[in-house]
Amino acid sequence: MDWQRLQVAPDGTHHVHRGAPAYPQRFEQVLKFHSPGLAPVRADGLAWHIGANGEPAYPRRFLQTLGFYGGLAAVQDSAGWFHIDPVGDAVYPEKHAWCGNFQEGLCPVRLIDGRYAHIQPDGQPVTGNTWAYAGDYRDGIAVVQRNDGLSSHIDLQGELVHDQWLLDLDVFHKGFARARDAAGWFHLDRSGSPAYQRRFAM
């Protein structure tokens, strides 16, 4: 069975192909398949990944599992969150308070002290900087928030893209990012300049 053709059943307990069950097993919850052809499942308070035949990809069990992105999946055990490879092995020794998914080779994590950082696939931080919040990368840029609650953009090396710090900020889409300053919402270009002077309620 080609995992790329499988979809989550309407009741969320298994996967289907053209409306027919792809395998006999049933779970409390399943999520979508991602490359390399594995899907997160949950049953009896435990979580793991399965292949297209419904069989476990590895013997290990976790408290929570997310999908594979960039060949790695975020999982949680009793010690915290970290990333595993397709055979269920941890790819670095550190544990975190939370892990996101790898996007463009980097992943946001919430450290045990509550601060956020971006890590590389080997678990090493991109820089020594930590943030009040750090988001996913999109087109080489991520949003970060400093201690005063203001947000800006950083590049893949962790360097600021511009010198603007805003009350609210999104990633760029088609060259512009939604942003909010004290006067309201507007669009910001990649240089950090407002695309226009008008401000909106949203």
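Scroll up a little and you will see the structure.
This part takes up the sheet that holds strand β13 (residues 133-134). Sheet architecture is open: three strands sit in the order β13-β14-β15, paired in antiparallel fashion. Each having just a single partner strand, β13 and β15 (151-155) make up the two edges of the open sheet. Pairing analysis gives two bridges linking β13 to strand β14 (residues 141-145), with the strands arranged antiparallel. The partner of A134 across the bridge, within β14, is V144.

Turning to the sheet that holds strand β11 (residues 107-110), a few remarks are in order. One open sheet accounts for three strands, arranged β10-β11-β12; its pairing is antiparallel. What marks the edges here is a single partner per strand, and that holds for β10 (98-99) and β12 (116-119). Two strands pair when backbone bridges link them, and β11 and β12 are joined in this way by four bridges, in the antiparallel orientation. By the bridge assignment, V109 is partnered in β12 with A117.

With that out of the way, let us pick up the environment of A39. If you trace the backbone, A39 turns up in strand β5 (residues 39-43). A39 gets classed as buried once you look at its relative accessible area, which sits at 0%. C-alpha separation for the pair A39 and H49, spaced 10 residues apart in sequence, amounts to 5.2 Å. For A39, the contacting residues outside a window of four places in its chain are H15, L31, K32, F33, W48, H49 and I50.

In a soluble, globular protein the nonpolar side chains are often hidden away together inside. Residues F27, W48, I50 and I84 are the most contacted members of the largest nonpolar core, which totals 29 residues. Grouped together as the second largest cluster of nonpolar side chains are nine residues, V143, L166, L169 and F172 included.

The subject of this paragraph is empty space enclosed by the protein. Taken as a whole and assessed by the stated rule, the structure comprises one cavity of 30 Å³ or more. Approximately 70 Å³ is the volume found for the largest cavity. Considering the residues around the largest cavity, the lining is formed by A117, H118, V126, T127, N129, W131, Y137, I154 and G158. Looking at the lining of the largest cavity, its residues break down into five nonpolar, four polar and no charged.

Quick notes on the rules
Residue positions are given per chain, counting from 1 as you read along its sequence in written order. For this predicted model, a pLDDT threshold of at least 70 governs which residues receive local features, and a threshold of 80 or more governs which side-chain atom pairs are given and counted, while totals over whole chains, interfaces and linings are taken from all residues. Side-chain numbers here rest on the full set of heavy atoms in the structure, without hydrogens or water. Whether two strands pair comes down to DSSP finding at least two bridges between them. Helix and strand definitions follow DSSP, with helices as H or I runs of at least four residues and strands as E runs of at least two, each counted in order from the N terminus. To sort residues, take the accessible area from a 1.4 Å probe on protein chains only and compare it with the maximum for the residue type: under 20% means buried, over 50% means exposed, and anything in between is partly exposed. Note on definitions: a residue-residue contact is assigned when non-hydrogen atoms from the two residues lie within 4.5 Å. We define the nonpolar core as a collection of buried residues of types Ala, Val, Leu, Ile, Met, Phe, Trp, Tyr and Cys that are connected through side-chain atoms lying within 4.5 Å of one another. Cavities and pockets were defined on a 1 Å grid built from protein atoms only: a cavity is a group of points that admits a 1.4 Å probe but offers it no way out, a pocket is an open group of points flanked by protein on both sides within 12 Å along at least five of seven lines, and a lining residue is one with an atom within 4 Å of any such point. Grid points are joined across faces, edges and corners, and a volume is the space filled by probe spheres set on the points. Any residue that is not Ala, Val, Leu, Ile, Met, Phe, Trp, Tyr, Cys, Pro, Asp, Glu, Lys or Arg is counted as polar, Gly included; the first ten are nonpolar and the last four charged.

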